[in-house]
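Chain by chain, the residues:
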Amino acid sequence: MAETILVPQEIRATRREELRRAWSRFRSSTLALVGLGIILMMAAAAIFAPTIAPYPQHAGGFVDFANTFQPPSRAHLFGTDDVGRDVFSRVLFGARISLSMGIVVLSIALAIGVPLGLIAGYWSGWVSSLIMRITDVFLALPSIVLALAVAAVLKPTLTNAMIAIAFTWWPWYTRLVYGEVLSLKQEAFVEASRSVGAGPWRIVFKEILPNTWSPIIVKLTLDMGFVILVETGLSFLGLGAQPPTPAWGTMIAEGRIYMPANWWLATFPGLAIFLTVLGFNLLGDGLRDVFDVQIEQWRGGA
Amino acid sequence: MSFRTYLLRRLLHIIPALLGLSILIFVLSRVVPGDPARLALGPDATQEQVEQLRREMGLDKPLVVQYLRYMGGLFRGDFGFSLRTRRNVAQDIKEFLPATVELTTVAMLFAIALGVPLGVLSAVRKDRPEDHISRILALIGVALPRFWLAILLQLLFAYYLGILPTIGRGPAPPVRLTGIYLLDSLLALDFRAFLIALKHLILPAFALSVGSLAQIMRLVRANMIEEMRRDYVLAARSYGLPERVVIYKYALKNAFSSALTVIGLSYGFLLGNAFLVETVFAWPGLAFYGVDSLLFKDLNAVVGVTIVIGVAFAVVNLLVDIAYGYLDPRIRYET
Amino acid sequence: MQKEPLLEIRNLTIHFHTFEGRARVINGIDLVIGKGESVALVGETGCGKSITAKAILGLLPPNAEVVSGSILFQGQDLLQLKGEELRRIRGRHIAMIFQDPSTALNPVFTVGEQLMDVLVHCDDQGSVQRWRTRRPVAMLRQRCVDMLRLVRIPDPESMMGRYPSELSGGMRQRVLIALALLQRPELVLADELGTALDVSIQDQILQELKDLVRTQGMSVLYITHNLGVARMVSDRVYVMYAGEIVEVALTHALFRRQFHPYSQGLLAAVPRLIGSIGEGIEGRIPDYVSPPPACRFEPRCPYRMPVCCEVRPPLREVESGRWVACHLYPASGGDSS
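What you see is a predicted model, and the numbers here were worked out from it, not measured in a lab. (Residues numbered from 1 in each chain as written. Chains lettered and ligands numbered in written order. Predicted model: local features only at pLDDT ≥ 70, side-chain atom pairs only at ≥ 80, totals over all residues. Heavy atoms only, no water.)

S.K.: Which residues make up the sheet that holds strand S6 (residues 94–97) of chain C, and what values do they have?
M.R.: Residues and elements named next belong to chain C. The strand order across the open sheet formed by eight strands is S6-S7-S8-S3-S9-S10-S12-S11, and the pairing between neighbours is mixed. With partners counted over all chains shown, the strands left at the sheet margins are S6 and strand S11 (316–319), one partner each. Adjacent strand axes in the sheet meet at a mean angle of 25°, parallel and antiparallel pairs treated alike. As paired strands, strand S3 (residues 38–42) and strand S8 (residues 219–224) are joined by five bridges and run parallel to one another. Bridging across to S8, Leu-41 finds its partner in Ile-223. (Pairing = 2+ DSSP bridges. Helix = DSSP H or I, 4+ residues; strand = E, 2+ residues; numbered from the N terminus. Axes fitted to C-alpha atoms, helices over the stretch in contact; angles between N-to-C directions.)

Structure representation (structure tokens):
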């Protein structure tokens, strides 16, 4: 591949062929399919929470003192909490918070991180080294710690927690894209379009960017899980969503007070976090095998 | 480039990053909405009292001056005054840091002590039941929210089984030398105190370590599988070396040294999660202190804790680099 | 064979399980090495030479399957041995010199440690007993140093403390020879020895090894694709093609006259005995998953006849000491191997 220069039709044909093979590899991976299944289930829970939840009004500040601390039963699958709300309904609504949180955080991280990585990778010079030095600063601290510090100076709300996490997350994408660009820059097809007079922006967006998608997609999938872990952690510490918001982390923090007698309060939201993160990890691992990409799977904070 | 120059270059890389971090955190802490002086004195204080405190804290000066003053103090061991504990943050850090060092170190050692053998087992018995079980455990380990696991462990071992303490570090050993209870009790030859300290450590250290354990296991497995295919492993077999020497010496040393840098990174992992686990176990460490400071908006403490953690993270990674150079001579001699 | 046999391979057949199907890589080969004899196994890259060597030591990859045959070493069938019994043969009785000196030494241990490990861990006694009867370390160390000196490494004492990455390719190759010869094996398998080195250093090392095994009375199986090497070091040559032995002859006899068309092509292709084989012959080694049904060389053979696609030519003695598997040559005597 490195030596041959393909015409666009051929590239498209090879890409289609690659996709087809990738899909068949993906289908043969049981774990990746399980991961996809879990994620689809969680996504369905999030989207249809108002319809599926047996007590949708319990998502907020509802109280029913006649029904407090009911253990799991047919009426309340996951039991009820200290003010009589149905934990199952709240867990369903919690999926909305965690998933949308992950999507927003990663969108922001992508929007900041990818352009910076492209710039730093394609052009060398002081701008590029400045960008990379700045990412060093951000990566000098485990991301959860930085997110905590940022969340602390802001008011503890869900939006601010989101801002805090996104603020710490983008350097990973800058680094990833930077590394990809450095190696792609040398490839024959980039050289070729440079030799026919394509401008730098054209090369960066038309030639290089499309080729960085597979590691980015794999990383995004794995990161969804990690972002959810950090977000629930912040909420657990009281630096994210506040009661009565049905965020999983907040629910665990609230439920912990009534342990050990009312074990279900903290157990089920935690199980939901675990399953969601597991789902994204399984899918991410599967995608990594499919796309055959090597990425840094290590993060400072999650 | 010799190994020493390499380390020196790493160091030169770390220092600007840490300085940048201090600026970042400092600026963040000063642009905070709300007046820290007012916050400290409460709503009943008069405007004059607030102004007085602002002057004392130097909050009336420009940001640059505040930062330079702060950094100047930092190098003299003065981390500023804590509004919450009413003493110098340096003192607080000195008091709380050892507990976190103890917890994270034990957790890391635990992760290595269990993750490496499991990784090797998985690689050697690739695609057999042992491999599948270890891999599934690793997948679970990565995905478990540490604070939730901590709560479940408390529930099981402390409440239902009643065999381990729920919270805290237990009574301090009679002599405080390092502040690390395990070490202090050993140095005082007080084995009962050692045992008590250990009992308090087990649950939090385990809860903290699962993620790193799983990551180390996965990495060692992947590296071992790669190593077992190498020519020198085949050659070692051809000389008639026993399989245990081939695996545990010839393949593992290579696999482990390439896993090392990542072990350093995963220490950051542990430091981050210590904030959650220490909270659950009321473990009186730096992270516990940090969380309280965060919630109280005790900004000098927040800045101090973050900088100390940044430095700790950097130091661990540097140590790992040194260990890597020691284990793998190619780093020392080549390039 | 005039000499008493040390190693006898009989009808060895090895298949590999691959994605494409069952690859019939070694197809019933016979090979004998006498005591003190140097034998060369020559053939193109990919013809199964290295596989044969690995089969002798029981170091085949997991997807290989020995379908039939036997490998008799001092009367014992190596293919029937269990892991631990086989391990005691390796290194002590049969040793292998690996092909690539840049990858066959462990980069994270010193030369001395790798040599010492072989002596410390490869004793025939059980591990418990070994702890009690362990010979003094100084004595083992002296043996390692002596061996390094024997393979002509200058300043062997300081070599003990050095890492492979500090050494030149030639030095690494010598260390690999030292590792193989350390336990004074009766048989040495030299896999493409020196191929990775400069020609002048290769010649030097081969010459030294040749002298060394002669004085030590060891037998050697040289595995090579280089006919010049075979001519320089061996007493007898086995020509291998696509997993089969096609011709066996004394070295000087083979270079005087070749019977099998493949051997003829080989020599024609290498005018002054330098360079690789196979360059002058049309075509390539056939696909092992669906090889030609009878004679595997038939598709490339200039003399092919109808019978060549129907009957596999057996290896027959066509003159004293010369065996050929080709329908061009009727047997001189009986039809046995």
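There is more to say, and it comes next.
S.K.: Summarise the pairing of strand S10 (residues 244–250) of chain C; cite the residues concerned and give the values.
M.R.: Residues and elements named next belong to chain C. The buried fraction of S10 is high, at six of seven residues. As defined by bridge partners, strand S9 (residues 236–241) adjoins S10 across six bridges and the pair is classed as antiparallel. Looking across to S10, one finds that Met-240 is bridged to Ile-245. Counting the residues in the hairpin turn of S9 and S10 gives two residues, including Ala-242, whose phi is positive at 50°. Sheet analysis places S10 next to strand S12 (residues 322–324), joined by two bridges and oriented antiparallel. Counterpart to Glu-247 in the pairing with S12 is Val-324. (Buried < 20%, exposed > 50% of the residue type's maximum accessible area, 1.4 Å probe, protein only.)

S.K.: With reference to specific residues and values, describe the sheet that holds strand S2 (residues 21–34) of chain C.
M.R.: Residue and element names in this part refer to chain C. Across the sheet, four strands lie side by side as S2-S1-S4-S5; this open sheet has antiparallel pairing. Each end of this open sheet is capped by a strand with a single partner; those strands are S2 and strand S5 (76–77). Two strands pair when backbone bridges link them, and strand S1 (residues 5–18) and strand S4 (residues 64–73) are joined in this way by eight bridges, in the antiparallel orientation. Within the sheet, the bridge partner assigned to Glu-8 lies in S4 and is Leu-72. Each of S1, S2 and S4 touches helix H1 (residues 49–57); the most contacted strand, S1, lies at about 110° to it. (Contact = heavy atoms within 4.5 Å.)

S.K.: Residues and numbers for the pattern of salt bridges, please.
M.R.: Residue and element names in this part refer to chain A. Considering all chains together, one arrives at 37 salt bridges over all chains under this definition. Residues Arg-90 and Asp-81 are paired through a salt bridge, measuring 3.9 Å at the closest nitrogen-oxygen approach. Asp-81 matches Arg-90 in its accessibility class, with the two residues each being buried. For Arg-175, the salt bridge identified is with Asp-136, shortest N-O distance 3.2 Å. One end of the pair, Arg-175, is in helix H7 (residues 158–184); the other, Asp-136, is in helix H5 (residues 126–139), with 39 residues separating them in the sequence. Overall, Arg-175 belongs to the partly exposed group, its relative accessible area being 31%. Each member of the salt-bridge network shares a partner with another, and the members are Asp-81, Arg-85 and Arg-90. (Salt bridge = Lys/Arg side-chain N within 4 Å of Asp/Glu carboxyl O.)

S.K.: If you had to explain the nonpolar core to someone new, which residues and values would you point to?
M.R.: Within the largest apolar cluster, 299 residues are counted, with the highest numbers of intra-cluster contacts made by A:Trp169, C:Leu7, C:Leu78 and C:Ile94. Broken down by element, the residue count for this core peaks at 19 residues, all from helix H11 (residues 243–280) of chain B. Not counting the four nearest positions on each side in its chain, C:Leu78 is found in contact with C:Leu7, C:Ile56, C:Ile71, C:Phe73, C:Leu86, C:Ile89 and C:Ile94. Counting residues in each nonpolar core, the second largest holds six residues, with B:Ala37, B:Ala40, B:Ala45 and B:Val50 among its members. (Core = buried A, V, L, I, M, F, W, Y, C linked by side-chain atoms within 4.5 Å.)

S.K.: Describe the packing of aromatic side chains, listing the residues and the values that go with them.
M.R.: Taken as a whole and judged by the stated rule, the model has 21 aromatic pairs over all chains. Aromatic pair B:Phe110 and B:Phe206: ring centres 5.7 Å apart, planes at 80°, arrangement edge-to-face. Of this pair, B:Phe110 sits in helix H5 (residues 89–124) while B:Phe206 sits in helix H9 (residues 191–228), and the two are 96 residues apart along the sequence. Relative accessible area serves as the criterion here: at 32%, B:Phe110 is assigned to the partly exposed category. Its relative accessible area of 28% is what places B:Phe206 among the partly exposed residues. On the numbers, 5.0 Å between centres and 80° between planes, the contact of C:Tyr241 with C:Phe297 is edge-to-face. Of this pair, C:Tyr241 sits in strand S9 while C:Phe297 sits in the loop between helix H11 (261–269) and S11, and the two are 56 residues apart along the sequence. The ring of B:Tyr181 is capped by B:Arg169, whose NZ or CZ atom sits 3.6 Å from the centre of that ring. Directly above the ring of C:Phe259 sits C:Arg257, whose terminal nitrogen or CZ lies 4.0 Å from the centroid. (Phe/Tyr/Trp six-rings, centres within 6.5 Å; stacked < 30°, edge-to-face > 60°. Lys NZ or Arg CZ within 6 Å of the ring centre and 35° of its normal.)

S.K.: Give me the lowdown on the interface of chain C and chain B, citing residues and values where you can.
M.R.: Counting residues at the interface gives 32 residues for chain C, matched by 24 residues for chain B. In this assembly, chain C packs against chain B so that about 2,400 Å² is buried in total across both faces, 63% of it on carbon and sulfur atoms. Here chain C and chain B share two salt bridges between them. A salt bridge links C:Asp117 to B:Lys249, with the shortest nitrogen-to-oxygen separation between them at 2.9 Å. Taken together, the connections running from chain C to chain B amount to eleven residue pairs in polar contact (both at pLDDT 80 or more). (Buried area = accessible area lost by both parts, 1.4 Å probe. Polar contact = N/O pair within 3.5 Å; in protein donor to acceptor, adjacent residues only side chain to side chain.)

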